[in-house]
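As a plain string of letters, each chain reads:
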Amino acid sequence: MSAPAGAAIRLPRRVRSQVVSWVGRGSGAFLVLIACEIAVLLFSRHSAYYTSVGLEWATFALLAQAFNVIGGYGGRLAFGNVMFFGVSSYLVVAGAVHNWYPELAGLGVGAAVCGLLAYILSLALWRVSGLLFALATFALAAMLGQLVTVFNTFGKSSGLQEPLAVHTSITHLALTTQFSYLVVGAVLVLLTTLATFWFAHSTLGHEVQAARDDRVAAESSGITTRHVTALAWTISAVISAVGGIFYAQYNLFVEPTSAFGLSTITLIVVPAILGGMGTVWGPVVGSIIIPVGLLLSRLSNGKGVASLNLLIYGAILIVVLRIYPGGLVSAYRTLRARLRPRNVVASSDVLELARDRGGGSTKLSGTAVPAKGLVTEARSAAVGLESESASPPTTGELLLEVVDIRKSFGGVQALQGVTFSVGSGEMVGLLGPNGAGKSTLFNCIAGVEQADGGDIRLAGKSISGFSAHQRARLGIARTYQTIRLFPNLTALENVAVGTLRRLGSNAAEDRAGEMLGAVGLQAPPSTVARSLSLVDQRRVELARAMVTDARLVMLDEVMTGLNESEVEDMRRVVRDLNVRHSTTFVIVEHVMGHILPLISRVVIMVQGAVLADGDPKAVLERNDVLEAYFGRRAAGTVSSDG
Amino acid sequence: MHLLISSLVAGILVGAVYGLFSVGLSLSFGVLRLVNFAHGDLVMGGMYGAAALIAATSVSIYVAIPVIALAAVPFGLFLYVAFFRGTGTRDDYDQLIISLGLALLLETAAVNLFGNNAKALNPLSIRSVTLGWLHLAQPQIVAFGVAVALTVIIDVVLRSTPVGRAVRAVVADREVALLMGVNERRVFAGAFVVSVALAGIAGVVLYGYLPVTPATGSDFILIAFMVVVLGGIGDIRGTFAAGLLVGLVENLTATYINTSIQDVAVYAMFVLAIVFRPSGLLGKGVA
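These figures come from a predicted structure and were not determined experimentally. (Residues numbered from 1 in each chain as written. Chains lettered and ligands numbered in written order. Predicted model: local features only at pLDDT ≥ 70, side-chain atom pairs only at ≥ 80, totals over all residues. Heavy atoms only, no water.)

Looking only at helices and strands, chain B features 11 helices and 2 strands. In terms of overall dimensions, chain B has C-alpha extents of about 60 × 45 × 35 Å along its principal axes. Buried positions account for 54% of the 287 residues belonging to chain B. Considering only contacts within chain B whose residues lie at least 6 apart along the sequence, 77% involve residues at least 24 apart. Split by element, the accessible area of chain B, about 11,600 Å² in all, is 66% carbon and sulfur. Put simply, chain B has 14 plus and 13 minus side-chain charges, and the middle of one group is 10 Å from the middle of the other. (Helix = DSSP H or I, 4+ residues; strand = E, 2+ residues; numbered from the N terminus. Buried < 20%, exposed > 50% of the residue type's maximum accessible area, 1.4 Å probe, protein only. Contact = heavy atoms within 4.5 Å. Areas by Shrake-Rupley, 256 points an atom, 1.4 Å probe, with all protein chains shown as cover. Lys, Arg positive; Asp, Glu negative; His and termini not counted. Charge placed at Lys NZ, Arg CZ, Asp CG, Glu CD.)

Along the backbone of chain A there are 28 helices and 12 strands. Sorting the 642 residues of chain A into buried and exposed places 57% on the buried side. Long-range contacts, defined as pairs at least 24 residues apart, comprise 74% of the intrachain contacts of chain A with a sequence gap of at least 6. Element-wise, carbon and sulfur atoms account for 60% of the exposed surface of chain A, whose accessible area totals about 25,600 Å².

Our focus in this paragraph is the interface of chain B and chain A. Much of the literature gives interface size as the accessible area that the parts lose upon coming together. Counting residues at the interface gives 44 residues for chain B, matched by 42 residues for chain A. Together chain B and chain A conceal approximately 3,700 Å² of surface at their shared face, both sides included; 79% is due to carbon and sulfur atoms. Considering only the side of chain B, the residues that lose the most area to chain A are Y93(B), I97(B) and L104(B), jointly responsible for 19% of the buried surface there. Here chain B is connected to chain A by 0 salt bridges. Summed over the shared surface of chain B and chain A, the number is 6 residue pairs in polar contact (both at pLDDT 80 or more). Elements with a contribution of two residues or more to the side of chain B that touches chain A: α3 (61–84), α4 (94–114), α9 (216–231) and α11 (261–276) of chain B. A breakdown of the residues in the side of chain B that touches chain A according to their chemical character gives 30 nonpolar, 7 polar and 7 charged. (Buried area = accessible area lost by both parts, 1.4 Å probe. Salt bridge = Lys/Arg side-chain N within 4 Å of Asp/Glu carboxyl O. Polar contact = N/O pair within 3.5 Å; in protein donor to acceptor, adjacent residues only side chain to side chain. Nonpolar A, V, L, I, M, F, W, Y, C, P; charged D, E, K, R; others polar.)

A word on a nonpolar patch on the surface. On the surface, L31(A), I34(A), I38(A) and L42(A) cluster together into a nonpolar patch covering about 380 Å² of accessible area. If you trace the backbone, L31(A) turns up in helix α1 (residues 15–44). (Patch = residues over 30% accessible without salt bridge, like charges linked within 9 Å, V, L, I, M, F, W, Y side chains within 5 Å.)

Another point: the pattern of salt bridges. All names here are of chain A. Across all of its chains, the model carries 20 salt bridges over all chains by this definition. With its nearest N and O atoms 3.3 Å apart, the salt bridge here joins E401 to R457. Of this pair, E401 sits in strand β3 (residues 398–409) while R457 sits in strand β6 (residues 453–458), and the two are 56 residues apart along the sequence. In this structure E401 comes out as buried when scored by relative accessible area, which is 17%. Judged by relative accessible area, R457 falls into the partly exposed class, the value being 26%. Where salt bridges share partners, they join D536, R539, D569, R572 and D576 into one cluster.

To continue, consider the environment of I245(A). Residues and elements named next belong to chain A. Assignment of secondary structure puts I245 in helix α9 (residues 225–251). The exposure class assigned to I245 is buried, which follows from its relative accessible area of 3%. As for I245 and H172, which are separated by 73 residues in sequence, their C-alpha atoms are 11 Å apart. Among residues more than four places away in sequence, those in contact with I245 are S88, V92, G106, L107 and L173.

Once that is clear, we can look at the nonpolar core. L77(A), F79(A), V269(A) and V31(B) are the most contacted members of the largest nonpolar core, which has 178 residues in total. Looking at this core, the element that brings in the most residues is helix α8 (residues 184–207) of chain B, giving 15 residues. Among all residues touching V31(B), those that are not within four sequence positions of it are V167(B), V170(B), V171(B), R174(B), V187(B), F188(B) and A191(B). Listed in part, the 74 residues of the second largest apolar core include V495(A), V553(A), V567(A) and A612(A). (Core = buried A, V, L, I, M, F, W, Y, C linked by side-chain atoms within 4.5 Å.)

The next point concerns the confidence of the model for chain A. Residues and elements named next belong to chain A. Overall, the predicted model of chain A reaches an average pLDDT of 84, with 85% of residues at or above 70. Per-element confidence in chain A is highest for α9, whose mean pLDDT is 96, and lowest for helix α16 (residues 347–355), whose mean pLDDT is 37. Here residues 1–9 scores under 50 on pLDDT; set against residues more than four positions off or in separate chains, the count is 25 contacts. Confidence drops under pLDDT 50 across residues 638–642; counting only partners more than four residues distant or on other chains, this segment forms 8 contacts. (pLDDT = per-residue confidence, 0-100.)

Take unusual backbone geometry next. Residues and elements named next belong to chain A. At A459, a position not held by glycine, the phi torsion is positive, near 50°. The residue A459 is located in the loop between β6 and β7 (461–462) in this model. Residue A459 is classed as partly exposed on the basis of its relative accessible area of 43%. Residue S582 is not a glycine yet carries a positive backbone phi of 55°. Residue position: S582 is located in the loop between α24 (564–581) and β10 (584–588).

Turning our eyes to something else, we now look at the packing of aromatic side chains. All names here are of chain A. Applying the stated criterion to the full structure yields 24 aromatic pairs over all chains. Directly above the aromatic system of F133 lies the positively charged group of R76, at a separation of 4.2 Å from the ring centroid. In this structure, R544 is placed above the aromatic ring of F486, and the distance from its NZ or CZ to the ring centre is 5.1 Å. (Phe/Tyr/Trp six-rings, centres within 6.5 Å; stacked < 30°, edge-to-face > 60°. Lys NZ or Arg CZ within 6 Å of the ring centre and 35° of its normal.)

This part takes up the sheet that holds strand β11 (residues 601–606) of chain A. Residue and element names in this part refer to chain A. Pairing within the open sheet is mixed, and its 6 strands lie in the order β8-β9-β10-β5-β11-β12. Each edge of the open sheet is held by one strand with a lone partner, namely β8 (476–478) and β12 (609–614). The average undirected angle you get between the axes of adjacent strands in this sheet is 20°. Alignment of strand β5 (residues 427–431) against β11, held across 4 bridges, turns out to be parallel. If you follow V428 over to β11, its bridge partner there is R601. In the packing of helix α18 (residues 438–446) onto the sheet, the strands contacted are β5, β8, β9 (552–556), β10 and β11, and the crossing angle to β9 comes to about 150°. On top of the sheet, α24 reaches β5, β9 and β10; it is set at about 155° to β10, its chief contact. (Pairing = 2+ DSSP bridges. Axes fitted to C-alpha atoms, helices over the stretch in contact; angles between N-to-C directions.)

What follows covers the packing of helix α10 (residues 236–256) of chain B against α11(B). Residues and elements named next belong to chain B. Put simply, α10 and α11 touch, their axes get as near as 8 Å, and they point 140° apart. In terms of orientation, α10 lies oblique with respect to α11. Classified by chirality, the crossing of α11 by α10 is right-handed. Here L245, V246, V249, E250, T253 and A254 of α10 lie close against α11, whose contacting residues are I261, Q262, D263, A265, V266 and M269. Tallied by class, residues from the contact of α10 with α11 come to 8 nonpolar, 2 polar and 2 charged. (Parallel < 35°, antiparallel > 145°, perpendicular 65-115°, else oblique. Left-handed = near helix turned anticlockwise from the far one by under 90°.)

This brings us to helix α2 (residues 48–73) of chain A. All names here are of chain A. End to end, α2 covers 36 Å across 26 residues, agreeing with the expected 38 Å (1.5 Å per residue, within 8%). If you look at α2, its biggest bend is around 25°, right at F67. For α2, the tally of buried residues reaches 21 of 26 residues, placing the bulk of the element in the interior. Trailing α2 by a residue or two, G75 shows a phi angle of about 75°, which is positive. (Expected span 1.5 Å × (residues − 1). Bend = angle between axes of the 7 residues up to and from the residue.)

Right, let's talk about the sheet that holds β7(A) for a bit. All names here are of chain A. The strand order across the open sheet built from 4 strands is β4-β3-β6-β7, with neighbouring strands paired in antiparallel fashion. Each having just a single partner strand, β4 (412–423) and β7 make up the two edges of the open sheet. Bridge count between β6 and β7: 2 bridges; the pairing is antiparallel. Within β7, the residue paired with R457 across the bridge is S462.

Residue and element names in this part refer to chain A. In this structure, β11 lies alongside β12, joined through 5 bridges in antiparallel fashion. For V603, the partnering residue across the bridge sits in β12 and is D613. The hairpin formed by β11 and β12 contains 2 residues between the paired strands, and Q607 there has a positive phi angle of roughly 50°.

Residue and element names in this part refer to chain A. Within β10, 5 of the 5 residues are buried, which leaves it mostly tucked inside the rest of the structure. Pairing analysis gives 5 bridges linking β9 to β10, with the strands arranged parallel. Considered in β10, the bridge of D556 is made with V588. A crossover connection joins β9 to the parallel β10 through α24; in handedness this β-α-β unit is right-handed. (Right-handed = clockwise from strand over helix to strand, strands pointing away.)

In this section: the environment of F420(A). Within the secondary structure, F420(A) is located in strand β4. In this view, F420(A) contacts L400(A), E401(A), V402(A), L441(A), R601(A), V603(A), V610(A) and D613(A); residues no more than four positions away in its chain are not counted.

Shown next, in the form of structure tokens:
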């Protein structure tokens, strides 16, 4: 699900200023929610009917939010998420009916079972693509629904009935009036929204969204995508479990079709879509449709359209997705942004700016303020290091050894025994015609692909068995031929997201700001990545690679699409990074002239093997190299000025 | 022994029809990347269409087949234009959810037009055919025959005609096919209309021996999804074979273990297939 346009995400801050930023920014909406809930409670206090409507609202607000966590933030549309609702409600009711354990323990059991189940399923289904994943979870839910009808313990197809509570009891999660359950429900909705808010702004939330936007890039930034997404589903499952137990206790009855069936799935999906997936408030706002549907159904009872609520739900899904897929929350944000005149800082943004250290602050908040201070400082420092003649900081040790790497895809032998090595601090060019296997080699070194044979060593130790994110942690980073930024995160967030966990949010943010300055980012760092110009996007990718303290950075055609002055700038930046951080670079480039001034050595690859390896001038005068590039006839006549 | 054989036969007969409507879904998934949640309801629509036609004109069910097939063309075209045109380029979940909305609309229409009670052909009018000790309902045999015939036709069209080649190109690699000049609108609309027609026809032949209610759609959709995935998306023969497999597993489990378990076995097979062989258990589809 593509995240809505307005979803600029804030990086986490220190706890104190986090509370402060909550007070400044999010609290308005929370106060509105609390006010609405109080209104609902007052309104329903003496009406059994409105109380029951309210109870259903609360249940589905919870379930929709749970769906949003895995579907919207995690990017995995778990159509069968209802299974956690069903499993937990059955576990609680069965536990009560058969005296296995009191309901309070049932809450623990339900949450634990669902959380564990979600984590395991997430790992098992990790390689399954999005649409098939949706179907697989749907089938699982149907399967569980059928499974329940087999066993007498679970009441077969008639369901299970829990006895009505005689008095209030914590151990039995029992309250004497339906209205009391509604109060609990309202509190649960509030807590769930707070939890989602925390999640969205946390390191985990950022990593999950990065994994959603671009799994490969996230892995290469050092994020354990499989694990974080599984955690997101665990959180979602636990919220669903709470919803299931809440439902079981006020309804006192569970049966297969409402616990696992398509009708319940519909009631989960519609509020989430209507409100907007991938936002904190979407499911809560969208949940208004539940009481609306119920009330309209009741009004038209007997006369007019039967199943009016189904008609409305269907119409909403279609209309929202055809017209504005981001849902109500996203539409509201877009509207607000359009109405606000440009270049005016929102008042809550001013508050945050004022609270931070004055002058030259690196803290970036709000969407309209360009960053000053550190970024321009770093930029002017970088300019001072204009050194065409600075000697590369090589230490003579070998950093990267590629030994006889072989890789084939089906019948195509992409790499046929590639061998070369790169010394620490060196800048090596990797050249060759199209299809030579350069990007494949990069993928094998980065761990995105596993080589079929051969070995890769980093500082003498073999890393062939390591995954992409492990190699990222060991110091290998890369940029991509076609940009792979996280499109919905800002430039700063793109650079920082891989280091949030390791450094903590403030340090990560500071380093990201510094690195963006070092690479010469022109646009404000708070610009959303997909709005950046091409050269700025390449700079952000470079910064993202550098910020992980990479020892080896592989640049895959980083100059493609840039004009002459941008190429020169990029060359200067790379050279400075090499000198200042002793970073080793392996650079793939098509236009030789772009990188020849930069590199001390060139490796020519042709058809999956190394053809030549050595001093650029010498290599590029060789006939076999010229033949590979220009063909036999030209080889004898063309000079070696790249 | 007799039990085994009659189970196998029953499984194959119904499996063929599963294969038929799943072939339609496979086309829409393969060509438009559309996971059509409304497909089961389209089968249901075929059943209701046959019911209405027979109630109004007292024709035999075999006449209903071409009538529904013809009616499916403008209806399918309308559905495509109203709901799915233009969404097919996005590789995300929007289409899936729009189709869920459509399924809800169709179900509402069914409830309002036909009520909640089951509609069925007069069971006394169903003739049976006897082969030795095997008793089969004639409509089941007809259903099988129609399913096989249509699947063969579709398979031949896809393999040997220019239109079929265009469709297969789009299934294999949509972007390149479009760059090569395949007319996107026609292929998409055409594939969708065919999938609607196949669903409708399957509904008609099923109505020969099954009752229909507004909930029938949701019963079929899961089966259709599973058959498509098991058979390999876009692989017609694989999908048909998977339909047979599902029919067999369903019947054998019902006969030898438990009727309630029959669906569980099929769902479990499906989930395992997705995890271990997402490109299809039996065919070579595009995952």
